[in-house]
Amino acid sequence: MYGHSPKLLAPPLAWGSKGIPVPYITPWSGERISVRTLTVRRDGTGLCYSDETPADRDAHGVLWSRLDEAPGRGTPNFRSVHPLRQRRALLEKLCQVCAGPASRTDRGWLFLFRRPTPVVEAWDWPEGVHCMKPPVCLGCAAIALRHCPHLTRTVAVRSRKPRPRGVFGDFYSPDATGSLVARSDGCIPYGHRDRPWFLASQLVVELRRCTVVDLDAELAR
Ligand SMILES: [Zn+2]
């Protein structure tokens, strides 16, 4: 369960006097996180919300962070990611910037990465790479390459088979007084034994059947 289908926001919302485009997956300050009702299950076996609904867990039974959906309210936080919109974009193959359909060819959906340093680059990179950034459409890929200096080492990868493999989030456990405390963050694969004490905030997919592609050549076509 991951809620209703997206409203298409193309072109992306803009912010500030310069009209900076705000990606679909970026959270806004007016979108409030709600952990007030996070508590321990009555049988003591894990986390739950006291007012939990089926929409609070994914198809694997993992509990997810709650964040309002009010894109455009307040100021955007470009360093963070909205849990529901990130998951929706990855599952439905939506562009992470404009929420339109991500680019897809016979080589698969388009993902942008920073090129890993030779030290960490496995011989078969990016086959099997784990990824939390949703795909993009060609139009938004072109804009990103033009405007984002940190993308100079960008490599474009197409994956025919992106598969959900787990979640990123926080482990919680009760302290001496019984209050829940976030202990550490990290990724867990689906089926992990500590899953009942985990609050997810991003989906992790594994990219299979990958091809590194020449984005400039694709854009020129
Ligand atoms: Zn787009």
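Being a predicted model, the structure only gives us computed values, none of them experimental. Numbers given to residues run from 1 along each chain, matching the order in which its sequence is written. Owing to the predicted nature of the model, reporting of local features is limited to residues with pLDDT of at least 70; listing and counting of side-chain atom pairs is limited to 80 or more, with chain, interface and lining totals taken over all residues. As a rule here, side-chain values cover all heavy atoms of the structure and leave hydrogens and water aside.

### Quick look at the overall build of the protein chain
Next, step 1: Helix and strand definitions follow DSSP, with helices as H or I runs of at least four residues and strands as E runs of at least two, each counted in order from the N terminus. Within the protein chain one finds three helices and 11 strands.
Next, step 2: Each helix (α) and strand (β) of the protein chain, taken in turn from the N terminus, gives the series β-β-β-β-β-α-β-β-β-α-β-β-β-α.
Next, step 3: Taking 17 Å as the expected radius of gyration for a compact globule of 221 residues, we find that the protein chain reaches 19 Å, a close match to that expectation.
Next, step 4: When its C-alpha atoms are laid out on the principal axes, the protein chain stretches across 60 × 45 × 30 Å.
Next, step 5: Counting all 221 residues of the protein chain, 43% fall into the buried class.
Next, step 6: Two residues form a contact once any of their heavy atoms are found within 4.5 Å. Long-range pairs, those at least 24 residues apart, make up 72% of the contacts in the protein chain with a sequence separation of at least 6.
Next, step 7: Each accessible area is a Shrake-Rupley estimate made with a 1.4 Å probe; only the visible protein chains count as cover when residues are assessed. With the model as given, the accessible surface of the protein chain reaches about 12400 Å², and the carbon-plus-sulfur share is 54%. Note on method: radius of gyration uses C-alpha positions; expected globular size equals 2.2 Å times residues raised to 0.38. Each residue is placed in one exposure class: buried if its accessible area under a 1.4 Å probe, protein chains only, is under 20% of its type's maximum, exposed if it is over 50%, and partly exposed if it falls in between.

### A few points about the nonpolar core
Proteins that are soluble and globular tend to have nonpolar side chains buried together.
Next, step 1: Nonpolar core, defined: a set of buried Ala, Val, Leu, Ile, Met, Phe, Trp, Tyr and Cys residues in which side-chain atoms within 4.5 Å join the residues together. Ranked by size, the top nonpolar core spans 21 residues in total, and within it Phe111, Phe113, Val167 and Leu207 carry the most contacts.
Next, step 2: Among the secondary structure elements, those contributing two or more residues to this core are β7 (108-114), β9 (154-174) and β11 (198-213).
Next, step 3: No other element matches the six residues that β11 contributes to this core.
Next, step 4: Of all hydrophobic cores here, the second largest spans 12 residues; its members include Val97, Leu112, Val136 and Ala141.

### Points about the confidence of the model for the protein chain
Next, step 1: Per-residue confidence from the predictor is reported as pLDDT, a score between 0 and 100. Model confidence for the protein chain is summarised by a mean pLDDT of 88, while 90% of its residues fall at 70 or above.
Next, step 2: Model confidence for the protein chain, summarised as mean pLDDT per element, is weakest for strand β1 (residues 13-15) at 83 and strongest for strand β6 (residues 104-105) at 97.
Next, step 3: Under a pLDDT of 50 for its full length, residues 1-9 has, in the predicted model, 22 contacts with residues more than four places off or in other chains.

### Regarding the coordination of the zinc ion
Next, step 1: Here the term donor refers to an N, O or S atom within 2.8 Å of the metal (or 3.2 Å for Na, K and Ca), and because water is left out of the atoms, sites may appear incomplete. In the first shell of the zinc ion, the protein supplies Cys95 (SG), Cys98 (SG), Cys137 (SG) and Cys140 (SG), at 2.3 to 2.4 Å from the metal.
Next, step 2: Under the classification used here, a metal with four donors is tetrahedral if each angle lies between 85 and 135 degrees, square planar if opposite donors are over 155 degrees apart and the others between 65 and 115, a six-donor metal meeting that same test is octahedral, and anything else is irregular. For the zinc ion, the four donor atoms in the first shell make angles of 101 to 115 degrees at the metal, so the coordination geometry reads as tetrahedral.
Next, step 3: Spacing between the donor residues of the zinc ion along their common chain follows C-x2-C-x38-C-x2-C. On the criterion of sequence distance, the pair formed by cysteine 98 in the loop between α1 (83-92) and β6 and cysteine 140 in helix α2 (residues 138-147) is long-range, its members being 42 residues apart.
Next, step 4: Look at cysteine 140 and you get buried, because its relative accessible area is 9%.

### A word on unusual backbone geometry
Next, step 1: Residues tryptophan 125 and proline 126 are joined by a peptide bond in cis, for which omega reads 5 degrees.
Next, step 2: Assignment of secondary structure puts proline 126 in the loop between β7 and β8 (130-131).
Next, step 3: Phi is positive for arginine 209, close to 55 degrees, though the residue is something other than glycine.
Next, step 4: Relative to the helices and strands, arginine 209 is located in strand β11.
Next, step 5: Among the residues examined, arginine 209 registers a relative accessible area of 49% and is labelled partly exposed.

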